[in-house]
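# Inside the fold
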Amino acid sequence: MVRSRPASPVGLAVARRAFAAVTVFCAVTAAAQAWETLTPAASGPRAERDALARRLGCTAEASTESVEMTEAACTVGSVQYRIVTFAADDGRRQWLDLATDYGGTYLTGRNWVLAAWPTECLAPLRDRLGGALRTGAPHGTADGTDDRHAHGG
């Protein structure tokens, strides 16, 4: 039978310090990784906007940035895009409900909306980006004529 020697107080102190150092290192590393996933650069409206712009082949030029949403424009060839991203899908739904009152066609996904001019460019993007097309109310009178001239516009 092999007898083990009792650990010396110095050896136990070193082992405890090493264990504490490893525990602190692991905690700090886990906290840093968690922080990176919460920062706007790693997730949220800004990251979603930049990811959509990359998939479109352009660089987003922000016009509005907040914690809740971002709005940006970019151009690919002769097509102009407007990218709007949201921190929560509820914000997207509210924005889209208001925007469609003014007409237009939008490609909309989870937490994002994309508009394009010409609007015919949106349908082919649905296969690449996902989402659904949503068309707003037409601007015209009940008889189908354009009412902009009636108001001097």
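Please refer to the structure placed before this passage.
Everything quoted here is computed from the prediction, not taken from an experiment.

## What about the sheet that holds strand β6 (residues 132-135)?
Strands sit in the order β1-β2-β3-β5-β4-β6 across an open sheet of six strands; the sheet is antiparallel. On the outer flanks of this sheet lie β1 (61-65) and β6, each paired with one strand and no other. Across the sheet, the mean angle separating the axes of adjacent strands is 25° when strand polarity is ignored. Where strand β4 (residues 105-109) meets β6, four bridges bridge the pair, whose relative direction is antiparallel. Within the sheet, the bridge partner assigned to Leu107 lies in β6 and is Leu133.

## Re helix α3 (residues 89-100)
Taking 1.5 Å per residue as the helical rise, α3 with its 12 residues ought to reach 16 Å, and the 16 Å between its terminal C-alpha atoms agrees with that figure. Here α3 has its buried residues at Arg92, Leu96, Ala99 and Thr100. Buried residues in α3, looked at end-on, bunch into an arc of 85°, giving them a common side. Considering only its buried residues, α3 is in contact with β3 (79-86), β4, β5 (112-117) and β6.

## Here's the deal with the pattern of salt bridges
Overall, the coordinates contain eight salt bridges when judged by the stated rule. The salt bridge involving Asp50 is made with Arg49; its shortest N-O contact spans 3.0 Å. Judged by its relative accessible area of 26%, Asp50 falls in the partly exposed class. Among the ionic pairs, Asp90 bridges to Arg93, the shortest N-O distance being 3.4 Å. You can see Asp90 and its partner Arg93 sitting in helix α3, three residues apart, about one turn around the helix. With relative accessibility at 41%, the residue Asp90 sits in the partly exposed group. For Arg93, a relative accessible area of 40% translates into the label partly exposed. Taken together, the shared-partner salt bridges in this structure form one network comprising Arg46, Arg49, Asp50 and Glu65.

Scoring rules and cut-offs
- By convention here, each chain's residues receive numbers from 1 onward along its written sequence.
- Since the coordinates come from a predicted model, pLDDT governs what is reported: local features require at least 70, and pairs of side-chain atoms require 80 or more to be given and counted, while whole-chain, interface and lining totals use all residues.
- Values shown for side chains rest on all heavy atoms present in the structure; no hydrogens or waters enter the calculation.
- The pairing criterion is simple: DSSP has to find at least two bridges between the two strands.
- In this text, helices come from DSSP runs of H or I with a minimum length of four residues, and strands from runs of E with a minimum of two, each type numbered from the N-terminal end.
- Interaxial angle, 0 to 180 degrees, is taken between N-to-C directions of lines fitted to C-alpha atoms, where a helix line uses only the stretch in contact.
- How far a helix is expected to stretch is found by multiplying one less than its residue total by 1.5 Å.
- Burial here depends on accessible area, computed with a 1.4 Å probe over protein chains only, as a share of the maximum for the residue type. Under 20% is buried, over 50% is exposed, and the range in between is partly exposed.
- The arc under discussion is defined with respect to the helix axis, by the directions toward the C-beta atoms.
- Between two residues, a contact is recorded if the distance between any of their heavy atoms is within 4.5 Å.
- One speaks of a salt bridge when a side-chain nitrogen belonging to Lys or Arg is within 4 Å of a carboxyl oxygen belonging to Asp or Glu.

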